[in-house]
Amino acid sequence: MKTDIEKRKTSHESTFRKKKTAELTKQEEFVKKHRRHHHEIASWRTVIFVFFLVLWEISADLKWIDSFFFSSPSRVARCFVEQIRSNSMLSHIGVTLFETLFSFLLVLLCSLAVSTLLWYSAKLSEILEPYLVVLNSLPKSALAPLFIVWLGTGTRTIIVAGMSVAVFGSIISFYTGFQQVDPEKITLIYTLGGSRRDAFSKVVLPGSVPILLSTAKVNIGLALVGVIIGEFLAARRGLGYLIIYGSQVFQLDMVITSIIVLCIIALGFYKSIQIIEHQIKIRFKM
């Protein structure tokens, strides 16, 4: 015969197991629901994209649109295959990718360095704030001709053009993120004898990671825009050059193919940073 204490212990263990099982069941249901939601979204995106391609192809075949000006999926595919066979497309894609990634990394490093300096010096941030706002508001396409005069044509000019589109807005975003960190945590660091450097490295920078990542998503697209603007004016290689060349010689299939490739590149950049963001959030349990 079991004693009362043993019976109570067995009852508590049974109740605990039931609660644990119920929690696991709810968690599994949530994961399944979450996956189902993502599959549904992906399916609808695919359906919309395929419908657009089919409608575009049918419209060109039935002469609803002029395929010379608007092309068609089949003509774009043929143009892409021809460019790949001649090794032209891969070369242009490689140039644009290199220039965009290099511009993006420079934007990231410069923005982080300047915004850190502004956080350390409140007086400097007050002095420079209006200049940053004005420079960020300037249409960057207006600066591209100046870059050509100052730096000449070539990769250096295109990288600077790519940086100019994103760097000022990035500095403002990073600095704003630093300012929004909980001041009580910074005060705690000072109370425990920490320095301003400790406050920045242990509280401000880690606390600003979500804003840094969301800004990086925007910056990679802006860097690509700036690079294409530079290639329009100062390049002999790259997708921007292909677009300008194709429009000048009325090879509009080449123009639309290059634009579609740019869309794919932009999507690839965005998804890559999104994956990095997801991994960081899992690692640090944000």
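Being a predicted model, the structure only gives us computed values, none of them experimental.

A. Broad picture of the overall build of the protein chain. Tallying secondary structure elements over the protein chain gives twelve helices and zero strands in all. Start at the N end of the protein chain and walk to the C end: the helices and strands fall as α-α-α-α-α-α-α-α-α-α-α-α. The contacts of the protein chain with a sequence gap of at least 6 include a subset with a gap of at least 24, amounting to 71%. Accessible area of the protein chain: about 18700 Å², with a carbon and sulfur share of 66%.

B. Examining the packing of aromatic side chains more closely. For the coordinates displayed, the defined rule picks out nine aromatic pairs. Their ring planes at 85° and their centres at 5.3 Å tell us that phenylalanine 178 and phenylalanine 200 sit as a pair that is edge-to-face. Taken as a pair, phenylalanine 178 in helix 7 (residues 155-179) and phenylalanine 200 in helix 9 (residues 196-207) lie far apart in primary sequence, 22 residues in all. Each member of the pair phenylalanine 178 and phenylalanine 200 is classed as buried. Here the basic side chain of arginine 196 rests over the ring of tryptophan 119, its NZ or CZ set 4.1 Å away from the ring centre.

C. Local environment of the packing of helix 3 (residues 73-85) against helix 4 (residues 88-120). Following both chains from N to C, one finds helix 3 and helix 4 inclined at 85°, their axes separated by 4 Å at the closest point. Considering the angle they form, helix 3 stands roughly perpendicular to helix 4. Residues Phe80, Gln83 and Ile84 of helix 3 form the contact with helix 4, whose participating residues are Ser88, Met89 and Leu90. Broken down by class, the residue content of the contact of helix 3 with helix 4 amounts to four nonpolar, two polar and no charged.

D. Seen up close, the side chain of glutamate 99. Relative to the elements of secondary structure, glutamate 99 occurs in helix 4. It turns out glutamate 99 is buried and unbridged, and the closest side chain with the opposite charge, arginine 237, is 6.0 Å from it. In this structure, glutamate 99 is in contact with Thr155, Ile158, Ile159, Val227 and Glu231, ignoring residues within four places of it in sequence.

Cut-off values and rules
Residues numbered from 1 in each chain as written. Predicted model: local features only at pLDDT ≥ 70, side-chain atom pairs only at ≥ 80, totals over all residues. Heavy atoms only, no water. Helix = DSSP H or I, 4+ residues; strand = E, 2+ residues; numbered from the N terminus. Contact = heavy atoms within 4.5 Å. Areas by Shrake-Rupley, 256 points an atom, 1.4 Å probe, with all protein chains shown as cover. Phe/Tyr/Trp six-rings, centres within 6.5 Å; stacked < 30°, edge-to-face > 60°. Buried < 20%, exposed > 50% of the residue type's maximum accessible area, 1.4 Å probe, protein only. Lys NZ or Arg CZ within 6 Å of the ring centre and 35° of its normal. Axes fitted to C-alpha atoms, helices over the stretch in contact; angles between N-to-C directions. Parallel < 35°, antiparallel > 145°, perpendicular 65-115°, else oblique. Nonpolar A, V, L, I, M, F, W, Y, C, P; charged D, E, K, R; others polar. Lys, Arg positive; Asp, Glu negative; His and termini not counted. Salt bridge = Lys/Arg side-chain N within 4 Å of Asp/Glu carboxyl O.

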